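Summary of structural features
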Amino acid sequence: MISRRLLLAACCAGFVGAVRAQAPDPLADRFGGPFSLTSQNGRRVTDRDFPGRFLLIYFGYTHCPDVCPVDLLVMSQALEKLGSEAERIQPLFITVDPERDTPSVVGDYVSSFSPRLLGLTGSSVEIDAAVRAYKVHRVKYIPANDPQNYGIDHSSLNYLMGLDGKFRTLIPHNTPPERMAAIIASYLAKE
Ligand code: NI
């Protein structure tokens, strides 16, 4: 599990990398990897199923009280700002809460943000593997008086993966939609 400090450093490095975009990103092989999950439509989906497209991946959960709704709204606004270029990107929402987030729950949730966004869930083993590969910070908080109503503290980052399926950059929480669109556009222009 990656520490918060390292994640923060990773954010900044990715962010600066997006602005300067000259030197190879030293984080290039540190995030990402194969995954095999279930889509909101009940279909099996892997990281290899989107040839010719960038992936923009966000990890969260549908019961998230505040962070996920804000980040997914920003993501959908950034995609709108990219216009037709956004068709080169497949945005994915991967739940960190497979226990509650069934395919239909995830589907209802993502459709409220963007018709482009595809929601993914899976078994706890499959989700654990994806969380590990992307080094997602995830801690479950279980209230003693209401164990069913647990929360999950999680990192709130957008991962941009290039046409080769490899990591390009992280776009952190609180990035304005215009800025996010500009960062993504800078990577689209290079591939
Ligand atoms: Ni969240």
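Scoring rules and cut-offs
Residues numbered from 1 in each chain as written. Predicted model: local features only at pLDDT ≥ 70, side-chain atom pairs only at ≥ 80, totals over all residues. Pairing = 2+ DSSP bridges. Helix = DSSP H or I, 4+ residues; strand = E, 2+ residues; numbered from the N terminus. Axes fitted to C-alpha atoms, helices over the stretch in contact; angles between N-to-C directions. Contact = placed C-beta atoms within 7 Å. Buried ≥ 20, exposed ≤ 12 C-beta atoms within 10 Å, placed from the backbone.

**Observations regarding the sheet that holds strand E4 (residues 89-95)**
With mixed pairing, seven strands are arranged side by side in an open sheet as E2-E1-E5-E4-E3-E8-E9. Single-partner strands in this sheet number two, and they are strand E2 (44-46) and strand E9 (167-172). Between one strand axis and the next, the sheet turns through 35 degrees on average, direction left out of account. By the bridge criterion, seven bridges tie strand E3 (residues 54-60) to E4 in an arrangement that is parallel. Bridging across to E4, Leu56 finds its partner in Pro91. Running over the sheet, helix H3 (residues 103-111) touches strand E1 (36-39), E4 and strand E5 (118-121) and is turned about 155 degrees from E5.

**A look at unusual backbone geometry**
Among all residues save glycine, negative phi is the norm, and among peptide bonds the norm is trans. We note that Lys135 has phi near 55 degrees; this positive angle belongs to a residue other than glycine. By the secondary structure assignment, Lys135 is in the loop between helix H4 (124-133) and strand E6 (138-141). For Lys135, a count of 20 C-beta atoms within 10 Å translates into the label buried. Of note, Asn174 is a non-glycine position whose phi angle comes to about 75 degrees, a positive value. Among the structural elements, Asn174 can be located in the loop between E9 and helix H5 (177-188). Take Asn174: there are 10 C-beta atoms within 10 Å of it, and that puts it in the exposed class.

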